[in-house]
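Residue-level listing of the chains:
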Amino acid sequence: MNVEATAYHEAGHAVMTAACNRKIHSATIIPRDDAHGSVEHENPLRGIKLKFNNGYPARLRAEDAVMICLAGGIAQLRAFPRLLRRWHTHTDYVRAVEIARSICGSPDEATAFLKWLDLRMRSILDVRWFQVEAVAAALVERKRLTGAEIASLMTAALPSRQHVLRPSRAILLFRG
Ligand SMILES: [Zn+2]
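Each value, and the rule that gives it
- Residues numbered from 1 in each chain as written.
- Predicted model: local features only at pLDDT ≥ 70, side-chain atom pairs only at ≥ 80, totals over all residues.
- Helix = DSSP H or I, 4+ residues; strand = E, 2+ residues; numbered from the N terminus.
- Buried ≥ 20, exposed ≤ 12 C-beta atoms within 10 Å, placed from the backbone.
- Contact = placed C-beta atoms within 7 Å.
- Pairing = 2+ DSSP bridges.

**Section: the overall build of the protein chain**
Alright, step 1. In terms of regular secondary structure, the protein chain is built from seven helices and three strands.
Alright, step 2. Going from the N terminus to the C terminus, the protein chain shows its helices and strands as α-β-β-α-α-α-α-β-α-α.
Alright, step 3. Here the protein chain, with 176 residues, has 38% of them falling under the buried criterion.
Alright, step 4. Excluding contacts between residues fewer than 6 apart, the proportion of contacts in the protein chain whose partners are at least 24 apart in sequence is 67%.

Listed below in structure tokens is the structure:
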């Protein structure tokens, strides 16, 4: 996977983590083990076992975790549609499915839950795309960013003209 595609992938995970109000520790496009890059962030599911605790607060946390997983591949796909290969997103997708199956009562429900979260995650990435671009560009240049650097890049980034917000979408942008 090329460096720019990896940068968009990790930027997608990072921006979605911030959108879910979860703390980001760092992001990197320096390969390690079998990963091209990574984002270290607060785990929304920390301290809960979904199979035994799937009430409302746990479900909200599961939603965040699934969207953070799925956002890497979708950001990469948007930036470089021709470069996406199944194995680039396999680990993320397997994790998202595992979370959905843990919290849902049936395979059909898990499929619908994942589909809705995929649509919701794409809506959030739509309004935050300029932030994904800013974080991806900085990752290409610096290879590794701290959570504080990512936060200030996201704050400093300005929407391009195509991203002028409609009020309903602004809610998504300012959630976190
Ligand atoms: Zn990923």
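**Quick word on the pairing of strand β1 (residues 24-28)**
Two faces, one strand: in a regular strand the side chains alternate between the faces of the sheet.
Alright, step 1. Where β1 and strand β2 (residues 38-41) come together, four bridges link them in antiparallel fashion. Residue pairing for β2: S26 is matched across the bridge by E40.
Alright, step 2. One ladder, built from three bridges, connects β1 with strand β3 (residues 144-146); its direction is antiparallel. Within β3, the position partnered with A27 by the bridge is L145.

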